[in-house]
Amino acid sequence: MLRATGLVSMTATTARVLVVADVEIRWEGSRSAPQERYYRWQMDLTKSGGQWLVSKVVQVP
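Notes on the structure follow. (Residues numbered from 1 in each chain as written. Predicted model: local features only at pLDDT ≥ 70, side-chain atom pairs only at ≥ 80, totals over all residues. Heavy atoms only, no water.)

**Quick notes on the nonpolar core**
As a rule of thumb, nonpolar side chains are buried together in soluble globular proteins.
Stage number 1. Residues Ala-15, Val-17, Val-19, Met-43 and Leu-45 constitute the largest nonpolar core, which totals 5 residues.
Stage number 2. Going through the elements one at a time, strand 2 (14-25) and strand 3 (35-48) are the ones with two or more residues in this core.
Stage number 3. For Leu-45, the contacting residues outside a window of four places in its chain are Thr-13, Thr-14, Ala-15, Val-17, Trp-52, Leu-53, Val-54 and Ser-55. (Core = buried A, V, L, I, M, F, W, Y, C linked by side-chain atoms within 4.5 Å. Buried < 20%, exposed > 50% of the residue type's maximum accessible area, 1.4 Å probe, protein only. Helix = DSSP H or I, 4+ residues; strand = E, 2+ residues; numbered from the N terminus. Contact = heavy atoms within 4.5 Å.)

**A closer look at the packing of aromatic side chains**
Stage number 1. Scanning all chains against the criterion turns up 1 aromatic pair.
Stage number 2. Here the aromatic rings of Tyr-39 and Trp-41 are separated by 5.5 Å at their centres, their planes lie at 10°, and the arrangement is stacked. (Phe/Tyr/Trp six-rings, centres within 6.5 Å; stacked < 30°, edge-to-face > 60°.)

**Remarks on the sheet that holds strand 2**
Stage number 1. Sheet architecture is open: 4 strands sit in the order 1-2-3-4, paired in antiparallel fashion. Of all strands in the sheet, those with a lone pairing partner are strand 1 (2-10) and strand 4 (51-59), marking the two edges. Each adjacent strand pair in this sheet contributes to an overall mean axis angle of 25°, direction not counted.
Stage number 2. Alignment of strand 1 against strand 2, held across 7 bridges, turns out to be antiparallel. Counted as the bridge partner of Thr-5 is Val-19 from strand 2. (Pairing = 2+ DSSP bridges. Axes fitted to C-alpha atoms, helices over the stretch in contact; angles between N-to-C directions.)

**Observations concerning the pairing of strand 3**
Stage number 1. Where strand 2 meets strand 3, 12 bridges bridge the pair, whose relative direction is antiparallel. Within the sheet, the bridge partner assigned to Asp-22 lies in strand 3 and is Tyr-38.
Stage number 2. By the bridge criterion, 8 bridges tie strand 3 to strand 4 in an arrangement that is antiparallel. Bridging across to strand 4, Asp-44 finds its partner in Lys-56.
Stage number 3. Linking strand 3 to strand 4, which pair antiparallel, is a turn of 2 residues; within it Gly-49 sits at a positive phi near 60°.

**Notes on the pattern of salt bridges**
Stage number 1. Applying the stated criterion to the full structure yields 3 salt bridges.
Stage number 2. The partner of Asp-22 in a salt bridge is Arg-3, and the shortest N-O contact between them spans 2.4 Å. In this pair, Asp-22 is assigned in strand 2 and Arg-3 in strand 1, connecting sequence segments 19 residues apart.
Stage number 3. One salt bridge connects Asp-44 with Arg-16, and the closest N-O pair in it is separated by 2.7 Å. Separated by 28 residues along the polypeptide, Asp-44 in strand 3 and Arg-16 in strand 2 bring together distant segments of the chain.
Stage number 4. Taking the relative accessible area as the measure of exposure, Asp-44 reaches 15% and is therefore buried.
Stage number 5. Residue class for Arg-16 comes out partly exposed when judged on its relative accessible area of 30%. (Salt bridge = Lys/Arg side-chain N within 4 Å of Asp/Glu carboxyl O.)

As far as function goes, none of this settles anything; it's purely spatial.
Rendered as structure tokens:
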């Protein structure tokens, strides 16, 4: 589940955003309870051909 996003900086051709998401992992065939994990990423984007593409992803502690 996507929890939050935030724009850190932006120019005409680049942007930096922060993304926070919750993930539930279920292993097929396992009787164990699903594992919950929480992730935070910093993503650098570059505008190319009119589209914003992710150019770098760093997991933030």
